[in-house]
Amino acid sequence: MASVAATPARTPNGPGPGEASASFPTVASVPGPQEPEEEGEEEPAEIHLCVLWNSGYLGIAYYDTSDSTIHFMPDAPDHESLKLLQRVLDEIDPRSVVTSAKQDENMTRFLGKLASQEHREPKRPEIIFLPSVDFGLEISKQRLLSGNYSFIPDSMTTTEKILFLSSIIPFDCLLMVRALGGLLKFLGRRRIGVELEEYNVSVPILGFKKFVLTNLVSIDQDTYRLWFTRPTQDLGELNSRLDVIQFFLLPQNLDMAQMLHRLLGHIKNVPLILKRMKLSHTKVSDWQVLYKTVYSALGLRDACRSLPQSIQLFQDIAQEFSDDLHHIASLIGKVVDFEGSLAENRFTVLPNIDPEIDEKKRRLMGLPSFLTEVARKELENLDSRIPSCSVIYIPLIGFLLSIPRLPSMVETSDFEIEGLDFMFLSEEKLHYRSARTKELDALLGDLHCDIRDQETLLMHQLQCQVLARAAVLTRVLDLASRLDVLLALASAARDYGYSRPRYSPQLLGVRIQNGRHPLMELCARTFVPNSAECGRDIGRVKVITGPNSSGKSIYLKQIYRSLLRLASPSPQPTPPGAVPVSSLIQVGLITFMALVGSFVPAEEAEIGAVDAIFTRIHSCESISLGLSTFMIDLNQQVAKAVNNATERSLVLVDEFGKGTNTVDGLALLAAVIRHWLALGPTCPHVFVATNFLSLVHLQLLPQGPLVQYLTMETCEDGDDLVFFYQVCEGVARASHASHTATQAGLPEKLIARGKQVSDLIRSGKPIKPVQELLKEKQMENCQTLVDKFLKLDLEDPSLDLDIFMSQEVLPAATTIL
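Residues numbered from 1 in each chain as written. Predicted model: local features only at pLDDT ≥ 70, side-chain atom pairs only at ≥ 80, totals over all residues. Heavy atoms only, no water.

Draft legend 1. Broad picture of the overall build of the chain. Helices and strands together make up the secondary structure of the chain, namely 28 helices and 25 strands. Split into buried and exposed, the 817 residues of the chain put 46% on the buried side. Of the contacts formed within the chain by residues at least 6 apart in sequence, a portion of 71% connects residues at least 24 apart. A total accessible area of about 41,600 Å² is found for the chain, and carbon and sulfur atoms account for 54% of it. (Helix = DSSP H or I, 4+ residues; strand = E, 2+ residues; numbered from the N terminus. Buried < 20%, exposed > 50% of the residue type's maximum accessible area, 1.4 Å probe, protein only. Contact = heavy atoms within 4.5 Å. Areas by Shrake-Rupley, 256 points an atom, 1.4 Å probe, with all protein chains shown as cover.)

And the structure:
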């Protein structure tokens with residue numbers, strides 16, 4: 001009986017994405033000092049940009065000689081084509097671009113194109129490569145912290161300097177920190193602006209500023225997630241997104257939305273597949289996924305061609321999903337044998353693609369019966385003691401004659417058979433080469449490997465065809481992801497009754513009518529919408545007070561979870577008495593949703609020119625930071641708002657100052673608010689929720705039209721406190737902490753004592769111990785003293801009664817009397 005065996009070849013794990021250093025015509029490998037300009041001529045302002053790109057994220061910093069300021073952009077996601085970087089280059093027009101000599105192929109290709117753009121002359125940037133060691137994280141931090149900055153007082157200690165800089169620079173953006181370190185290294189080598197000065201004179205750095213592209217809205221790190229990383233002020237882009245949502249909200253378009261959603265479910269991560277193709281690491285499943293993706297994209301194209309072309313997204317999909325997609329799908333469908341590929345766990349082709357492969361496969365398929373006949377002939381020539389034999393085929397080894405091991409075959413010398421070449425022993429089977437097996441090797445060759453090699457060659461050719469059309473595949477993913485997000489936002493708007501916002505560039509602020517929270521309205525037993533307006537010069541700073549558990553803080557802290565659930569909110573349990581209705585963060589959330597092109601949970605919303613949203617909502621505590629909770633509040637959140645907020649910014653502050661001594665926390669809160677009020681008409685739009693009622697009672701804030709006091713409306717009904725969940729003008733009279741304590745289940749004695757102490761503190765009277773507790777303590781001290789007397793041995797000659805009275809009785813008497 002003949003058998004055919006095959007050993008699947010293993011594909012070794014290849015290297016990761018290639019890293020390359022390149023040089024271009026405008027590259028300066030070692031930066032040198034620039035030649036000074038002629039005397040009397042004013043030097044034009046120059047911008048020197050440092051950029052790093054890694055794992056899909058971009059880190060950017062640049063130095064502007066016009067004001068000697070370093071600008072930085074926190075780590076931002078970017079496509080492999082580096083579209084965001086191109087936008088930065090177009091906007092700032094740098095004189096030089098500094099980067100690491102160790103780059104991946106995408107950045108290398110981008111810089112090559114940038115260097116070859118002759119039309120940019122004479123403004124074509126100089127591309128400068130520095131050693132990768134100059135961009136190390138730790139060395140970059142050291143350069144930042146050891147710099148000589150005129151805006152930092154010399155009296156500051158090292159620790160104070162670190163805290164000060166960390167309030168300006170987000171050190172958790174690692175790529176940006178490395179870019180800053182590389183930029184400082186470049187400035188030190190080139191000596192920008194101080195070429196003719198003494199060597200001990202350093203490049204002047206007068207400040208650090210956050211850089212935001214035109215039409216983008218700056219948001220602090222706590223607020224953004226995934227697709228929402230770049231809220232925009234581009235009204236054309238925002239309205240185009242809203243047009244798509246509004247189209248799918250029409251009842252007659254619901255079926256179309258569901259069909260598009262099903263097609264989008266088959267569009268997968270194409271860039272990852274293309275990356276594996278470039279490295280020749282393509283899997284069988286990749287071909288299946290790519291085939292389904294391309295055909296689903298064609299379905300999207302056909303569907304969008306039937307939709308109104310006045311909507312930009314539909315027009316883009318209809319036009320940019322070109323016939324290249326049909327060509328790719330046709331090639332894959334005609335070439336790849338998906339069933340055979342899954343069975344053999346390798347790439348195989350369909351019949352009638354290559355006649356030579358078909359012929360070799362036919363030979364391989366007919367090999368078992370043929371080898372059975374060869375084995376029968378071989379058995380006739382063998383010793384009669386050998387009961388059976390088989391001819392087998394092993395890839396890379398060839399054809400072998402296999403016979404069972406006889407009992408007499410003990411030593412290796414016993415394996416020798418005349419006319420046969422012994423190869424090896426395996427599983428009590430002896431394997432030999434005979435004249436016939438050698439003839440088969442010469443006649444048929446290594447069929448299995450030949451077939452694999454030829455199919456691998458075809459796979460490579462197919463990969464080249466696909467990669468040649470990679471641009472359209474990348475565009476497919478971009479447009480499909482846009483459509484997917486907008487379909488999700490349309491679904492949320494339909495299910496939860498959202499409305500379309502309006503944009504008014506002339507309005508410096510927002511106007512919201514009956515705004516709601518997209519998550520809390522689903523899980524709260526009682527929800528009352530609230531309106532808000534912050535677009536005038538009156539009431540730019542709103543101070544919101546209210547009783548505990550009226551919803552201020554709970555509402556604030558829910559914003560982060562709701563940002564992740566804008567498309568599909570799911571109810572969460574609500575703590576007793578916590579019904580979030582304050583309009584404070586409602587304003588920020590609705591503004592944010594509008595600036596990403598979403599419908600909003602409000603009856604009406606008019607969004608003005610908002611350039612940034614800053615929040616102090618919850619403390620991002622971490623033991624690794626080595627900072628207290630209050631320092632994190634100051635350093636990471638409030639300081640950024642104070643240093644960066646403009647008249648068009650929205651600042652949301654919740655319970656700032658509670659992490660330290662009451663007096664100090666109140667003083668700092670008042671100082672921060674007074675700082676913004678001192679700006680006058682350029683004050684940002686500030687919403688402050690606080691339980692520091694003394695802020696108002698002690699008149700710590702200046703009186704004027706810029707300040708507006710709001711509170712949560714409540715009513716006392718006997719011992720009960722009734723919440724109306726409505727924001728109104730005014731100031732809370734008390735925090736009603738005892739009411740919250742009762743709801744939390746604390747004993748009545750503790751609550752009564754707490755109210756008593758609170759009243760004494762407010763009236764300035766001394767706090768005395770509770771009489772019952774005082775009597776119990778006196779009785780314990782009396783009992784202790786009596787026990788000491790009973791233990792005295794009056795017959796003891798060493799006993800000194802004077803010492804006993806002075807050291808034991810008299811001190812105890814002061815605690816009893």
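Draft legend 2. Examining the packing of helix 13 (residues 355–365) against helix 16 (residues 447–467) more closely. The N-to-C vectors of helix 13 and helix 16 enclose an angle of 150 degrees; their axes lie 10 Å apart at closest approach. Comparing their axes, helix 16 and helix 13 come out roughly antiparallel. In this structure, helix 13 crosses over helix 16, and the sense of that crossing is left-handed. Where helix 13 abuts helix 16, its residues Glu-356, Ile-357, Lys-360, Lys-361, Arg-363 and Leu-364 lie against Leu-447, His-448, Asp-450, Ile-451, Gln-454, Glu-455 and Leu-458. For the contact of helix 13 with helix 16, a count of residues per class yields 5 nonpolar, 2 polar and 6 charged. (Axes fitted to C-alpha atoms, helices over the stretch in contact; angles between N-to-C directions. Parallel < 35°, antiparallel > 145°, perpendicular 65-115°, else oblique. Left-handed = near helix turned anticlockwise from the far one by under 90°. Nonpolar A, V, L, I, M, F, W, Y, C, P; charged D, E, K, R; others polar.)

Draft legend 3. Focus on the packing of aromatic side chains. According to the stated counting rule, one finds 14 aromatic pairs in the structure shown. Measuring from centroid to centroid gives 5.5 Å for Tyr-149 and Phe-151, while their planes differ by 20 degrees, and the two rings are stacked. Between the aromatic rings of Trp-287 and Phe-347, the centroid separation amounts to 5.6 Å while the plane-to-plane angle is 55 degrees, which identifies the pairing as tilted. Separated by 60 residues along the polypeptide, Trp-287 in helix 9 (residues 284–305) and Phe-347 in the loop between helix 12 (338–344) and helix 13 bring together distant segments of the chain. In terms of burial, Trp-287 and Phe-347 fall into one category: buried. Each residue in the set Tyr-149, Phe-151, Phe-164 and Phe-208 is aromatic and connected to the rest through ring pairs, giving one cluster. (Phe/Tyr/Trp six-rings, centres within 6.5 Å; stacked < 30°, edge-to-face > 60°.)

Draft legend 4. A look at the nonpolar core. In terms of nonpolar packing, the biggest core is built from 81 residues, with Phe-248, Trp-287, Leu-473 and Leu-483 touching the most fellow members. Examining the composition of this core, we find that 14 residues originate from one element, helix 17 (residues 470–496), more than from any other. Grouped together as the second largest cluster of nonpolar side chains are 32 residues, Leu-144, Val-177, Leu-187 and Ile-192 included. (Core = buried A, V, L, I, M, F, W, Y, C linked by side-chain atoms within 4.5 Å.)

Draft legend 5. Fine view of the sheet that holds strand 17 (residues 510–515). The strand order across the open sheet formed by 4 strands is 16-20-17-18, and the pairing between neighbours is mixed. Because the sheet does not close on itself, it has two edges, and the strands there are strand 16 (502–503) and strand 18 (530–533). For strand 16 and strand 20 (residues 602–607), the ladder comprises 2 bridges, and the chain directions are parallel. Looking at the pairing, Tyr-503 lines up with Ile-607 of strand 20. (Pairing = 2+ DSSP bridges.)

Draft legend 6. Structural context of helix 15 (residues 435–444). Among the residues of helix 15, those classed as buried are Thr-437, Leu-440 and Leu-444. Taken around the axis of helix 15, the buried residues stretch over an arc of 55 degrees, which confines them to a single face. Opposite its buried face, helix 15 presents the exposed residues Ala-435, Glu-439 and Ala-442, each directed more than 90 degrees away. Lining the buried residues of helix 15 we find helix 13, helix 14 (367–380), strand 12 (390–394), strand 13 (398–404), strand 15 (429–433) and helix 16. (Arc of directions from axis to C-beta.)

Draft legend 7. Fine view of unusual backbone geometry. For Arg-191, which is not a glycine, the phi torsion comes out positive at approximately 55 degrees. As for its position among the elements, Arg-191 is in the loop between helix 5 (174–190) and strand 10 (207–210). Accessibility expressed as a relative area gives 12% for Arg-191, which makes it buried. Although it is not a glycine, Glu-427 sits at a positive phi angle of roughly 55 degrees. In this fold, Glu-427 is placed in the loop between strand 14 (421–426) and strand 15. The exposed category is assigned to Glu-427, whose relative accessible area is 75%.

Draft legend 8. Structural view of the environment of Phe-599. With respect to the helices and strands, the residue Phe-599 is situated in the loop between helix 21 (583–595) and strand 20. Excluding residues that lie within four positions of it along the chain, Phe-599 makes contacts with Leu-242, Ile-245, Gln-246, Leu-249, Ala-493, Tyr-498, Ser-499, Arg-500, Pro-501 and Met-593.

Draft legend 9. Structural view of the pairing of strand 6 (residues 69–77). Within strand 6, 8 of the 9 residues are buried, which leaves the element mostly enclosed by the surrounding structure. With 7 bridges connecting them, strand 5 (residues 57–64) and strand 6 associate as antiparallel partners. If you follow Tyr-63 over to strand 6, its bridge partner there is Ile-70. Between the antiparallel neighbours strand 5 and strand 6 lie 4 residues, among them Ser-68 with a positive phi of about 55 degrees. Bridging between strand 6 and strand 10 involves 4 bridges; their strand directions are parallel. Opposite Ile-70, over in strand 10, you have Phe-208 as the bridge partner.

Draft legend 10. Region of the structure containing the pairing of strand 17. Note that strand 17 and strand 20 share 5 bridges and pair antiparallel. If you follow Ile-512 over to strand 20, its bridge partner there is Ala-605. Bridging between strand 17 and strand 18 involves 3 bridges; their strand directions are antiparallel. From the neighbouring strand, Ile-512 faces strand 18, where its bridge partner is Ala-532.

So yeah, pure geometry; function would need other evidence.
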